[in-house]
Amino acid sequence: MQNESTSSPAEDSQTGDSLIGEEYEVEVGPVAHGGHCIARTSEGQVLFVRHTLPGEKVIARITDGDKDSRFLRADAVTIIEPSKDRVEAPCPYAGPGKCGGCDWQHAKPGAQRRLKGEVIAEQLQRLAGLTPEEAGWDGTVMPAEGDKLPKGEVPAWRTRVQYAIDEDGRAGLRKHRSHDVEPIEHCMIAAPGVSELGIEKRDWTGMASVEAITATGSNDRQVILTPKPGARLPLVELDKPVSVLRVDEHDGGIHRVHGRGFVRERADDRTYRVGSGGFWQVHPQAANTLVRAVMQGLLPRKNDMALDLYCGVGLFAGAIGQRIGEKGAVLGIESGKRAVEDARHNLQDLDRVRIEHGKVDQILPRTGITECDLIVLDPPRAGAGKQTVKHLAGLGARRIAYVACDPAALARDLAYFREGGYKVRTLRAFDLFPMTSHVECVAILEPAQKGL
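Bear in mind the structure is a predicted one, so any value in this text is a computation, not a measurement. (Residues numbered from 1 in each chain as written. Predicted model: local features only at pLDDT ≥ 70, side-chain atom pairs only at ≥ 80, totals over all residues. Heavy atoms only, no water.)

Q: Could you clarify how one ought to interpret the overall build of the protein in this entry?
A: Check the secondary structure of the protein and you find eight helices and 23 strands. Taken against the 2.2 N^0.38 rule, which gives 22 Å for 452 residues, the C-alpha radius of gyration of the protein at 23 Å falls within 12% of a compact globule. Expressed along its principal axes, the backbone C-alpha trace of the protein runs to roughly 65 × 55 × 45 Å. Every one of the 452 residues in the protein was classed for burial, and the buried ones make up 55%. (Helix = DSSP H or I, 4+ residues; strand = E, 2+ residues; numbered from the N terminus. Rg over C-alpha atoms; globule rule 2.2 N^0.38 Å. Buried < 20%, exposed > 50% of the residue type's maximum accessible area, 1.4 Å probe, protein only.)

So, in structure tokens, the structure goes:
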């Protein structure tokens, strides 16, 4: 379970008098990227406050920072004047000092999506100089299919959960910005296939972590064990049939203990093998949602030449490959060795799809490709970066689809694309991580001038 966006404000070294534990009564301002809101102390220091909402008056307790810090981190420990969007957190492990996995358990679902929309809009304006209108975005963040539930119910969407194990062998989740473990009996956002394994009921003495995976395209379930140094692997007996893998303490590789070394996922009427805990979208509806958005934006034609960058196990390459006919072609590039093996297996029936192994910024220049019709890129959280974007903008693609899990990285790269002669045609945002601050976006770009 990821506790925090990697693009939250950078660490400050604490050189002055620590303020940890100090409390301030503050008026809460706008939401900020990373699952918190902005406030200021009476001395004018910036506070990034979790467990609050814009417009509230709260008592904020400092959790990180000192008098010389550029900013402070805090938790809202008392709500003096609540927002109309506030609800009682349905999860007993959500709140100050508890599990760090969810950011917005205390907000109504509609309010969560509005907050994410405000973050996207702020990042687009600040880092790309784009208004929502200029980005072709109506400002909404769409819920995933099936996530609109009766009041008080929480979407059980997370098909992959990494449990940390405490010193007593109990499974739990990390506290916010901490290595400490919050033992739990049940994670509300875990998908049913994960919850049915009963991870939380078992003694995991000797293990550092246990990752549970349930496929959405099959009945495949998998656990990946990371033993503490020198610990022996336990006999795994869970409530449902499951494959077991382990992380090697020496090389970090993932090795099969018993059962399949992969799970089978399903999207766009294709089955995808995902091996050794490899990347697949975590929300059950995410893969199909993103494929639809990308294909609707790119509108592939027969005979198109396309690039799928950071292609993983071949999700978008497969979707494009099925739509471009016998004379079209797709080149996928992926840095993960096992993912490349899976992608080649998954797409072996598509003769015009080729997958190359390596980093995009290294492999793409070596291909000799000077032009293409379509590009889809789904880079890691840090984004594609200026040099890669510059290269892509020089290929003259008719349409580019940019899939982004971080609005700050997306905005930075959109600014680079503008420098390269591309404008945003449309942008869509999807709430594929309910209760957290994370959001997925799909931007469709095209040349700013006709004929480019």
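Q: Would you mind going over the side chain of Asp75 with me for this structure?
A: Here Asp75 lies in strand E6 (residues 71-81). Each residue touching Asp75, except ones within four places of it in the same chain, is listed here: Val49, Arg50, His51, Ile59, Ala60, Arg61, Thr63, Pro96 and Gly97. (Contact = heavy atoms within 4.5 Å.)

Q: I keep staring at the packing of helix H7 (residues 386-393) against helix H8 (residues 407-419) and nothing clicks. Help me out?
A: Angle between the axes and distance between the axes: these two values describe a pair of packed helices. The geometry of H7 relative to H8 is characterised by a closest axis approach of 9 Å and an angle of 40 degrees between their N-to-C directions. Viewed along their axes, H7 and H8 adopt a mutual orientation that is oblique. Crossing angle aside, the handedness with which H7 passes H8 is right-handed. Packed against H7, whose contacting residues are Lys386, Val389, Leu392 and Ala393, the element H8 presents Asp413, Tyr416, Phe417 and Glu419 at the interface. Considered class by class, the residues forming the contact of H7 with H8 number five nonpolar, no polar and three charged. (Axes fitted to C-alpha atoms, helices over the stretch in contact; angles between N-to-C directions. Parallel < 35°, antiparallel > 145°, perpendicular 65-115°, else oblique. Left-handed = near helix turned anticlockwise from the far one by under 90°. Nonpolar A, V, L, I, M, F, W, Y, C, P; charged D, E, K, R; others polar.)

Q: So what exactly am I meant to see when it comes to the nonpolar core here?
A: The nonpolar side chains of a soluble globular protein tend to be buried with one another. Core analysis: the biggest nonpolar cluster contains 76 residues, and Tyr163, Ile199, Trp204, Val223 and Val294 have the highest contact counts within it. Sort the elements by how many residues they give to this core and helix H3 (residues 286-298) lands first, with eight residues. Counting residues in each nonpolar core, the second largest holds 41 residues, with Ile363, Ala397, Ala415 and Leu427 among its members. (Core = buried A, V, L, I, M, F, W, Y, C linked by side-chain atoms within 4.5 Å.)

Q: How do you make sense of the side chain of Asp406 when you look at a structure like this?
A: Here Asp406 shows up in the loop between strand E21 (399-404) and H8. Among the polar contacts listed, one links the side chain of Asp406 to the backbone nitrogen of Ala409, at a separation of 2.9 Å. (Polar contact = N/O pair within 3.5 Å; in protein donor to acceptor, adjacent residues only side chain to side chain.)

Q: Would you take a moment to explain empty space enclosed by the protein for this structure?
A: Rolled over the atoms, a probe sized like a water molecule indicates the empty space that remains. Tallying each qualifying case throughout the model produces four cavities of 30 Å³ or more. Of the voids in this model, the largest cavity is the one considered here, and its volume is about 80 Å³. Considering the residues around the largest cavity, the lining is formed by Val31, Ala32, His33, Gly34, Gly35, Trp104, Leu115, Lys116, Val119, Pro407, Ser437 and Val439. Listed by contribution, the elements that provide at least two residues to the lining of the largest cavity are strand E2 (31-32) and helix H1 (109-128). Tallying contributions element by element places H1 first for the lining of the largest cavity, with three residues. (1 Å grid on protein atoms, 1.4 Å probe; cavity = no way out; pocket = protein on both sides within 12 Å on 5 of 7 lines; lining within 4 Å. Points joined across faces, edges and corners; volume = space filled by probe spheres on them.)

Q: It is not clear to me how unusual backbone geometry should be interpreted in this structure. Could you clarify?
A: Excluding glycine, most residues fall at negative phi; most peptide bonds, likewise, are trans. Even without being glycine, His51 reaches a positive phi, approximately 65 degrees. Following the sequence through the fold, His51 ends up in the loop between strand E4 (46-50) and strand E5 (57-64). Judged by its relative accessible area of 9%, His51 falls in the buried class. At Arg177, a position not held by glycine, the phi torsion is positive, near 55 degrees. Among the structural elements, Arg177 can be located in the loop between strand E9 (171-174) and strand E10 (181-183). Residue Arg177 is classed as partly exposed on the basis of its relative accessible area, which comes to 32%.

Q: What should I look at first to understand the packing of aromatic side chains in this one?
A: Aromatic rings considered in pairs are described by the distance between their centres and by the relative angle of their planes. The full count for this structure, using the stated rule, is four aromatic pairs. Judged by centre distance (5.9 Å) and plane angle (85 degrees), the rings of Trp157 and Phe433 are edge-to-face. Residue Trp157 is located in the loop between strand E7 (141-143) and strand E8 (160-165), and its partner Phe433 is located in the loop between strand E22 (422-431) and strand E23 (440-447); the two are separated by 276 residues in the primary sequence. Per residue, the accessibility class of Trp157 equals that of Phe433, and both read buried. Look at Phe417 and Tyr422: their rings are 6.3 Å apart centre to centre, the planes differ by 70 degrees, and that puts the pair in the edge-to-face class. The ring of Trp204 has Arg202 sitting right over it, with the charged end atom 4.7 Å from the ring centre. For the cation-ring pair, Arg273 lies above Phe262, with the distance from its terminal atom to the ring centre recorded as 5.6 Å. (Phe/Tyr/Trp six-rings, centres within 6.5 Å; stacked < 30°, edge-to-face > 60°. Lys NZ or Arg CZ within 6 Å of the ring centre and 35° of its normal.)

Q: Before we go on, may I ask you to explain the state of the cysteines in this structure?
A: By definition, a disulfide links the sulfur atoms of two cysteines through a covalent bond. Taken as a whole and assessed by the stated rule, the structure comprises zero disulfides. With no disulfide of its own, Cys187 lies closest to Cys102 among cysteine sulfurs, the gap being 6.3 Å. Cys405 supplies the cysteine sulfur nearest to Cys441, a cysteine that is in no disulfide, at a spacing of 9.6 Å. (Disulfide = S-S within 2.5 Å.)

Q: Explain the pairing of E23 here, please?
A: Consecutive side chains of a regular strand alternate in pointing toward one face of the sheet and then the other. Counting buried positions along E23 yields eight of eight residues, so the element is predominantly enclosed. The sheet contact formed by E21 and E23 spans five bridges and is antiparallel. Each bridged residue has a counterpart across the sheet, and for Tyr402 the counterpart in E23 is Ala443. (Pairing = 2+ DSSP bridges.)

Q: Before we go on, may I ask you to explain the sheet that holds strand E18 (residues 329-334) in this structure?
A: Strand pairing in a sheet takes place through backbone hydrogen bonds and is either antiparallel or parallel in direction. Taking strand neighbours across the sheet as the criterion, the eight strands line up as E7-E22-E23-E21-E20-E17-E18-E19 in an open arrangement whose pairing is mixed. Across the chains shown, the open sheet's two edge strands, defined by having one partner strand only, are E7 and strand E19 (353-357). Across the sheet, the mean angle from the axis of one strand to that of its neighbour is 20 degrees, orientation sign disregarded.

Q: How should the sheet that holds strand E14 (residues 254-258) be read in this particular structure?
A: Pairing is mixed across the open sheet formed by seven strands, whose spatial order is E10-E9-E8-E11-E12-E13-E14. Each edge of the open sheet carries a strand with a single partner, namely E10 and E14. If you compare each strand with its neighbour and ignore which way they point, the axes differ by 35 degrees on average. The pairing of strand E12 (residues 221-227) with strand E13 (residues 243-247) spans four bridges and is parallel.

The values reported here are purely geometric and, on their own, carry no functional implication.
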